[in-house]
Amino acid sequence: MFELLSVKINGATSRVARGTTVAAAMLLADRPSRISVTGEPRGALCGMGVCFECRAVVNGIPHRRTCQILCEQDMTIEASR
Amino acid sequence: MTTTEVLVIGAGPAGIAAAAAAAENGCAVIVLDDNVAAGGQIWREATVGEAASAHRGHGRKWRALERLRRSGAQVLGGRCVFSAEASGTVQTSHETSSGTLVEQFHFEQLILATGARERFLPFPGWTLPGVFGAGGLQALVKGGFPVGGKRVVVAGTGPLLLAVAAHLAQDSAVVSSVVEQASLGQLARFAASLWEHPAKLAQGVLYRAMLWKTSYRIGCWVVEAIAGSNGHNLSAVRVTDGTRVWTEPCDLLASGYHLVPNTEIAALLGCKFRGTFVQVDKAQRTSLPNVFCAGEPTGIAGLEAAMVQGEIAGLACAGISTTLLQKRVAAERAFGESMEKAFALRKELRSVPRPDTIVCRCEDVTFGSLHGYTGWTDVKLQTRCGMGPCQGRICGPVVEFLLGWSPVSIRQPLFPVPLQAFCFQDESVEIATTNEPIEEKA
């Protein structure tokens, strides 16, 4: 029915439907997008690229707003710290 | 450097109408949008599975996008505008798989259709994962986050709450309650004013009907989000009506307090403001002769206002009279004003955050640490409030409501970009942010 893609979130493989945003994939995997400056886990808030709470390291590039990026096969995603 | 007659920033309903109108009348038009696809927030498409194609082929959204496609206007998605000069240049950053592409666009006329974002208000626990914006949760659901079977509380203020709740219910979420801070009196007057806008009234009634299982709590607001046993997820919210406080268990909270206009580019360009909104004349022209503005940045008034204002701005750029369309703007603006009155924030919301409640989420600055300061400059230097990557887009409206401080200044870059972005003034360059080599651009 849906085409599934494999992505790695903090090293663990997740299978998500094509079209899933990276922010949604991190929510699905129950992983925070980033750890705040005082150590709190945070995830997407605004969903539209404004709040930067969903920023994470995507394919090695830091500070990516994950709500604005779609998952791609074999993408590596890591929480920002 | 790319040169165009008309540059439109924002591909929501206002930007689409503006771009199509200008292009249909002979202008070369480029539209830039931060999002991947055109449509803005209100016409955001589901990107996953069956839902991604379910609503295509009919409706206003489809007609607008189809018109845009046929008009010949070029739409560039994923372009984040970080600098702009009224002399005629806009700079954007575009994230690619190998780094950041910095592009320059030169324009003769500029149309700002930058829309609005949600207003967030802080309460203890609002930084817990599981707490989202109202429109925020809806956008994430469209991006593939399933809410089926999850218990959701939708809270805050504004017409968006019912729309979000109805869509979440349609996606099989269990929307236990909608918590609206506006009083019954305010809402009744607003509902009465809707008789002049029958389509909007019908939409509201439809949403309410879709939510027949949901409690609609008027004159109530969330005072706390409570963490579950692991401390890192949401288990319940505390809600009050001003006299009584009760707990509602939930998995997700969608909380938004109406809208804030995105006016950063207009402010950077030096456009005159009318309060918090960009001042425009009847042709949507700002105080700068070659800069137009349409939609929410000129006053929060919704979809119809955005579409007609965009149309006017596009036609005005092409030198066509818009006198007939201007009457419709007045009617829609009146709707916006009645909305503003109906969903005005109650003063009790100012006493919801505790001293240890975070106000600036980027820098984890608490409400208590703002005490003793008199304004933004002080507080930025001493606490870093508003100095993080969102550049005060979230905490700015919060601080304005809680402490009455208006923003003081705006500077480029409007969004974080690599430092190298400023080294290239006349050319488009790709800046590597990984160790992998960048391929030569054709």
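Residues numbered from 1 in each chain as written. Chains lettered and ligands numbered in written order. Predicted model: local features only at pLDDT ≥ 70, side-chain atom pairs only at ≥ 80, totals over all residues. Heavy atoms only, no water.

Overview of the overall build of chain A
Then, in step 1: The helix and strand inventory of chain A stands at one helix and seven strands.
Then, in step 2: N-terminal to C-terminal, the α/β element order of chain A is β-β-α-β-β-β-β-β.
Then, in step 3: For 81 residues, the compact-globule formula gives about 12 Å, and the C-alpha radius of gyration of chain A, at 12 Å, lands near that figure.
Then, in step 4: Relative to its 81 residues, chain A shows a buried fraction of 60%.
Then, in step 5: Within chain A, contacts between residues at least 6 apart in sequence are counted, and of these 39% link residues at least 24 apart.
Then, in step 6: In the form shown here, chain A has an accessible surface area of approximately 3,400 Å², with 49% of it arising from carbon and sulfur atoms.
Then, in step 7: Here chain A holds 10 positive side-chain charges and 7 negative ones, and the gap between their average locations is 3 Å. (Helix = DSSP H or I, 4+ residues; strand = E, 2+ residues; numbered from the N terminus. Rg over C-alpha atoms; globule rule 2.2 N^0.38 Å. Buried < 20%, exposed > 50% of the residue type's maximum accessible area, 1.4 Å probe, protein only. Contact = heavy atoms within 4.5 Å. Areas by Shrake-Rupley, 256 points an atom, 1.4 Å probe, with all protein chains shown as cover. Lys, Arg positive; Asp, Glu negative; His and termini not counted. Charge placed at Lys NZ, Arg CZ, Asp CG, Glu CD.)

What about the packing of helix α9 (residues 303-317) of chain B against helix α10 (residues 323-342) of chain B?
All names here are of chain B.
Then, in step 1: As a packed pair, α9 and α10 sit with axes 9 Å apart at the nearest point and diverge in direction by 150 degrees. The pairing of α9 with α10 is recorded here as roughly antiparallel in orientation. Here α9 and α10 pass one another in a crossing that is left-handed. Counting all contacts with α9, which are made through Glu304, Ala305, Val308, Gln309, Glu311, Ile312 and Leu315, the residues of α10 involved are Leu325, Gln326, Arg328, Val329, Glu332 and Arg333.
Then, in step 2: For the contact of α9 with α10, a count of residues per class yields six nonpolar, two polar and five charged. (Axes fitted to C-alpha atoms, helices over the stretch in contact; angles between N-to-C directions. Parallel < 35°, antiparallel > 145°, perpendicular 65-115°, else oblique. Left-handed = near helix turned anticlockwise from the far one by under 90°. Nonpolar A, V, L, I, M, F, W, Y, C, P; charged D, E, K, R; others polar.)

A look at the state of the cysteines
Residue and element names in this part refer to chain B.
Then, in step 1: Evaluation of the coordinates by the stated rule reveals zero disulfides over all chains.
Then, in step 2: Free of any disulfide, cysteine 293 has its nearest neighbouring cysteine sulfur in cysteine 271, separated by 7.1 Å.
Then, in step 3: Taking relative accessible area as the criterion, cysteine 293 reaches 1% and is therefore assigned buried.
Then, in step 4: Unpaired in terms of disulfides, cysteine 362 finds its nearest cysteine sulfur in cysteine 390, a separation of 3.9 Å. (Disulfide = S-S within 2.5 Å.)

Regarding the sheet that holds strand β12 (residues 221-227) of chain B
All names here are of chain B.
Then, in step 1: Within the open sheet, the three strands sit side by side as β12-β13-β14. Their pairing is antiparallel. Taken across any chain shown, the strands that pair with only one partner, and hence form the sheet edges, are β12 and β14 (245-249). Strand-to-strand, the axes of this sheet are offset by a mean angle of 25 degrees, without reference to chain direction.
Then, in step 2: Pairing analysis gives five bridges linking strand β13 (residues 234-240) to β14, with the strands arranged antiparallel. Along β14, the bridge assignment pairs threonine 240 with valine 245. (Pairing = 2+ DSSP bridges.)

Quick look at the pairing of strand β9 (residues 151-157) of chain B
All names here are of chain B.
Then, in step 1: The element β9 is largely enclosed, with a buried count of six among its seven residues.
Then, in step 2: As paired strands, β9 and strand β10 (residues 174-180) are joined by six bridges and run parallel to one another. Looking across to β10, one finds that valine 152 is bridged to valine 175.
Then, in step 3: The parallel pair β9 and β10 is bridged by helix α5 (residues 160-170), and the resulting crossover is right-handed.
Then, in step 4: As paired elements, β9 and strand β15 (residues 252-257) share six bridges and run parallel to each other. (Right-handed = clockwise from strand over helix to strand, strands pointing away.)

So, the interface of chain A and chain B
Then, in step 1: Listed per partner, the contact involves 35 residues of chain A and 45 residues of chain B.
Then, in step 2: Between chain A and chain B the total buried area reaches about 3,200 Å² when both faces are included, carbon and sulfur atoms providing 61% of it.
Then, in step 3: A per-residue breakdown of the area chain A buries against chain B is headed by A:Leu45, A:Met48 and A:Val50, which together make up 20% of the total.
Then, in step 4: With a closest N to O distance of 2.8 Å, A:Arg42 and B:Asp364 form a salt bridge.
Then, in step 5: Our count for the chain A to chain B interface comes out at 14 residue pairs in polar contact (both at pLDDT 80 or more).
Then, in step 6: Put simply, the parts of the chain that give the side of chain A that touches chain B at least two residues each are α1 (22-28), β4 (41-42) and β6 (61-65) of chain A.
Then, in step 7: Residue composition of the side of chain A that touches chain B, grouped by class: 18 nonpolar, nine polar and eight charged. (Buried area = accessible area lost by both parts, 1.4 Å probe. Salt bridge = Lys/Arg side-chain N within 4 Å of Asp/Glu carboxyl O. Polar contact = N/O pair within 3.5 Å; in protein donor to acceptor, adjacent residues only side chain to side chain.)

Quick word on the packing of aromatic side chains
Then, in step 1: Following the criterion strictly, the structure yields six aromatic pairs over all chains and no others.
Then, in step 2: Consider the rings of B:Phe132 and B:Phe145, whose centres lie 6.0 Å apart with planes at 45 degrees: the pair is tilted. Taken as a pair, B:Phe132 in strand β8 (residues 131-132) and B:Phe145 in the loop between α4 (134-142) and β9 lie far apart in primary sequence, 13 residues in all. With respect to class, B:Phe132 is no different from B:Phe145; both count as buried.
Then, in step 3: A ring pair is formed by B:Trp376 and B:Trp405, whose centres lie 6.4 Å apart and whose planes are at 70 degrees; its orientation type is edge-to-face. A residue pair is termed long-range when its members are at least 10 positions apart, and B:Trp376 in helix α11 (residues 376-383) and B:Trp405 in the loop between α12 (395-403) and β22 (429-432) qualify at 29 residues.
Then, in step 4: Residue B:Trp405 is classed as buried on the basis of its relative accessible area of 10%.
Then, in step 5: Note that A:Arg65 overlies the ring of B:Phe415, its terminal NZ or CZ placed 5.4 Å from the centroid.
Then, in step 6: Here the guanidinium or amino end of B:Lys200 rests over the ring plane of B:Phe335, the centre of that ring lying 4.3 Å away. (Phe/Tyr/Trp six-rings, centres within 6.5 Å; stacked < 30°, edge-to-face > 60°. Lys NZ or Arg CZ within 6 Å of the ring centre and 35° of its normal.)

Details of α10(B)
Residue and element names in this part refer to chain B.
Then, in step 1: Taking 1.5 Å of rise per residue, 20 residues should cover 28 Å, and α10 covers 30 Å from first to last C-alpha, within 8% of that figure.
Then, in step 2: Listed as buried for α10 are Leu325, Val329, Glu332, Phe335, Gly336, Ser338, Met339 and Ala342.
Then, in step 3: Against the buried residues of α10 lie α6 (184-193), α7 (198-210) and α9. (Expected span 1.5 Å × (residues − 1).)

Here we look at the confidence of the model for chain B
Then, in step 1: The predicted model of chain B has a mean per-residue pLDDT of 92, with 94% of residues at 70 or higher.
Then, in step 2: In this model residues 435-442 of chain B is a low-confidence stretch, pLDDT under 50, and it forms six contacts with partners more than four residues away in sequence or in other chains. (pLDDT = per-residue confidence, 0-100.)

Observations regarding unusual backbone geometry
All names here are of chain B.
Then, in step 1: The residue after glutamine 412, namely proline 413, is reached through a cis peptide bond having omega -5 degrees.
Then, in step 2: For proline 413, the position within the fold is in the loop between α12 and β22.
Then, in step 3: One non-glycine residue, glutamine 284, lies in the positive phi region at around 70 degrees.
Then, in step 4: According to the relative accessible area criterion, glutamine 284 is buried, its value standing at 2%.
Then, in step 5: Unlike most non-glycine residues, arginine 384 shows phi in positive territory, near 70 degrees.
Then, in step 6: Position of arginine 384 relative to the elements: it lies in the loop between α11 and α12.

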